[in-house]
Amino acid sequence: MSSRGSQFRRLKRLSSRQLVFKVFARASRGLLNPVRKLKDCLVSTYTHSSPQGNSVCAVMDTKLLSSAAEGTQGGELLGALYLQHRFDLLGSCWQDWSELPGETGDDVSAGVESSRRLFSGMVSCASARDSLRIASQLAPNYRRIHWQRDVKSGHLWSVRTWYKDIRWGDRAGADVKVPWEIARLQHLIILATEYHTRSLSSDSESAAHMAIEYRNQVIDFIAANPPRYGVGWACTMDVAIRAANLLISFDLFRAFGHIFDQAFVDIFTNSIVDHGEHIFANLEWNDEYCGNHYLANIVGLLFVAAYLPVGEDANCWLSFSLYEFISQSLIQFHPEGSNFEGSTAYHGLSAEMLVFGCALVLGLSEHKKQAISFESGIRLRSGRNQRVIDSILDWQEGRREAPFPDAMLKRLHGARRFIEALVRPDGQLAQFGDNDSGCFCLLSRVVSQVSFAYLKRRYSNIGMIEKGQPDPYPLIEPMNPCYLLEMMDSLLGDPFLRDSDERLGWPARIIRALSQSQNLGSCRPVTQNCLLRRADNLPLEPNDTALEQVFTSGSDLHEGIELHVFSDFGLYIWKSQSLYLAVRCGDIGQKGFGGHAHNDQLSIELWVEGEPIFLDPGTYTYSADPNMRNMYRSVKAHNAPQFDWDNEPGDLNLGLFQLGNESQAQVHGVDRHTFIGAHRGYGFNVYRKIMIGTDSVMITDWHDGDRSLKFSLPKPLPYSPGYGWIERKPTGYRGL
């Protein structure tokens, strides 16, 4: 939550149209929300009748999944921990999320009695009765999970609180992203794949344990989190991601031969309807811009509509979400394929959502395709684009193999190329802008086993968390792009990946199962604006304010060098056998709001001979620590030109998720061996020139103002490889 001062500064920057829209929207909410809240207090928020068919549909190709012989990488370790209700989320370490007897909070014991206490004191017992009914399906010895708790700070949110009254960011250290993360239920897919792995190994007892635990955890969440109550319903993005993970995991269990009892199927199906209704009624639409939250809403709603039986609501949601999915793909991804939010990590998240959405649509049954209609007066939030509608109708009538316009397919291919270019020598993505370690579905993770002593030496966020930690410690590696690239290759029709290929891992296999083994085929590559102007012919020359930094190498840096230009994003990447150089210079994203951008104009990531010289420090945290949040957004945290003052090239006082657009960075020249760019964030021109020689990289900074450049960078912040994790050593930096 931002302060009143930052809110006022943001309002001052709005156009008159945007201001009127905000005032009207707030007034409408002020009138309608009390009525909706009263209704939810008087009437149960649970759905009581399943749609016709009494079950969500099977969507994935069961033959492709059942023939798979291997499980997810690290699945055995993770599955064992998830059975114990131990989760490592956003730097929490492997904490036990089970509720403890005598623990203060909303829910202190197991079973039906837990739900009875959960809702004591509510205005109405309507939802409480349904919660008791659902909780009665739990196994007698099941330990319930505390879904409302931030295990890192100990802060508890109340499930008695109506979802629009949930507050966060007003208590130091409390991080709402932690309960949001567990409420996404992304670990359920690991339980499903481990069920299959153990079934194949003839360990039927262990496999059955996975299925029972899955059933219990799903019922536990549904019973302990009535629709529209508690922190788990406060953010529609998390509701949408949860819906998709519930459906994929449920479909996987059925594909692997498990048969759930009808009581559970009814509870599950009704909950999916609740998720769809909540998403559709609480879309994170913004008149100024829509970002990854809205895209997640749409993809989650697409999953709900695809899995529910054909019906009035499901048909409406399917038509709406398919149109919005295509429209937002064209809006949120630049023609070159990069995402518009100004963050490389959020590009990965949004690209993953594109892959899942496209695969799901490709695999829709003919019955579902024919249920799509735009004649029922559906309000299309992204505006009515007839080309998009025509593309969908042509696909519906068999004149196209897919409903996606060519412009969208080019963006998808470009998105893959952007991710591939971002991969550093260590196999991770270069971090520019925010990184909240978010993903849409947890299909597979790279898990390393390290000693806990090593973990404490490396990471300072471990603190005093030591009791009960596994040793060796299963460390989930962050930001590994290999699985996303594999999924994209599967969707885009990599000719070297066949359905029967042993190299086809779980992520790619699930994408093919969703798409019924259909793919989007090849596409003419997006052309790069490689030469804006030849850098060596520019009149710009350093003046007497210039400072130089030179980094030498014993290898030929020019050998195999390639330049990757993403001018819409504002990122320029040089890769050779001995060099990795990425330079940030361009738009701050989100149509100038910069909500996930940092003050990193002209900053670089530099690797020479496989070793890091400059690394972007990452993000570490959001609202749990506003000061730390701004430290990691600050220019002082980045390898950019530095001055002898505390001014920022972009205003950080507009709120934690907006950045001033004062920098107006632009590239003056770029080629295979040279870069020249500038920004005006301080009110005068600041230049950076980078020259790649055969055995050295020379960086020259200068300006035309009246301040002095700092010869050396301030002490770098500790490196954060993912949200909530922070290393003890400072950001990779090898001196001048």
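Data block above holds the structure.
The written sequence of each chain sets the order in which its residues are numbered from 1. For this predicted model, a pLDDT threshold of at least 70 governs which residues receive local features, and a threshold of 80 or more governs which side-chain atom pairs are given and counted, while totals over whole chains, interfaces and linings are taken from all residues. Excluding hydrogens and water, the side-chain figures rest on all heavy atoms present in the structure.

**Student:** Which residues make up the packing of helix α12 (residues 292-307) against helix α13 (residues 312-332), and what are the values?
**Tutor:** Relative to each other, α12 and α13 sit at 145°, their axes nearing to 8 Å. Note that α12 runs across α13; the crossing there is left-handed. Residue-level inspection shows N292, Y294, L295, I298, V299, L301, L302, V304 and A305 of α12 in contact with α13, the latter providing A314, W317, L318, F320, S321, L322, E324, F325, Q328 and Q332. When residues are sorted by character, Ala, Val, Leu, Ile, Met, Phe, Trp, Tyr, Cys and Pro go into the nonpolar class, Asp, Glu, Lys and Arg into the charged class, and all the rest, Gly among them, into the polar class. Of the residues contributing to the contact of α12 with α13, the split by class is 14 nonpolar, 4 polar and 1 charged. Note on geometry: axes are lines fitted to C-alpha atoms, helical ones only across the stretch in contact, with angles between N-to-C directions running from 0 to 180 degrees. Put simply, DSSP H or I for four residues or longer makes a helix, DSSP E for two residues or longer makes a strand, and each gets a number counted from the N terminus. Handedness of each helix crossing follows the sense of rotation of the near helix against the far helix: counterclockwise by less than a right angle gives left-handed, clockwise gives right-handed. For this analysis, residues touch if any pair of their heavy atoms sits within 4.5 Å.

**Student:** Outline helix α21 (residues 626-633), listing residues and values.
**Tutor:** Think of it in three bands: residues with accessible area under 20% of the maximum for their type are buried, residues over 50% are exposed, and the middle band is partly exposed, with areas taken using a 1.4 Å probe on protein chains only. For α21, the complete set of buried residues consists of R629, Y632 and R633. For α21, the arc enclosing every buried residue in end-on projection is 105°, short of the 170-degree limit, so these residues lie on one face. To obtain the arc, one takes the directions from the helix axis to the C-beta atoms.

**Student:** I'd like to hear about the pairing of strand β8 (residues 579-584), residue by residue, with values.
**Tutor:** Burial runs high along β8: 6 of the 6 residues are buried. Residues L579, L581 and V583 of β8 are buried on one face, and the alternating residues Y580, A582 and R584, pointing to the opposite face, are buried as well. Here the rule is simple: two strands pair whenever DSSP picks up at least two bridges between them. In the sheet, strand β7 (residues 571-575) pairs with β8 via 5 bridges, with the strands oriented antiparallel. If you follow L571 over to β8, its bridge partner there is R584. Between β7 and β8, which pair antiparallel and follow one another directly, the connecting turn spans 3 residues.

**Student:** Lay out unusual backbone geometry in plain terms, naming residues and giving numbers.
**Tutor:** The linkage connecting D471 with the following residue, P472, adopts the cis geometry, with an omega of 10°. Mapping P472 onto the fold places it in the loop between α18 (452-458) and β4 (473-476). Within the chain, Q590 stands out as a residue other than glycine whose phi angle is a positive 55°. Looking at the element boundaries, Q590 is found in the loop between β8 and β9 (604-608).

**Student:** Report on the sheet that holds strand β6 (residues 562-566), specifying residues and quantitative values.
**Tutor:** Spatially, the 5 strands line up as an open sheet ordered β6-β7-β8-β9-β10, and their pairing is antiparallel. Looking at strand neighbours, the two that pair on one side only are β6 and β10 (611-614), the edges of this open sheet. Strand after strand, the sheet turns through a mean of 15° between neighbouring axes, direction not considered. For β9 and β10, the ladder comprises 3 bridges, and the chain directions are antiparallel. Residue pairing in the sheet places L606 in a bridge with F614 of β10.

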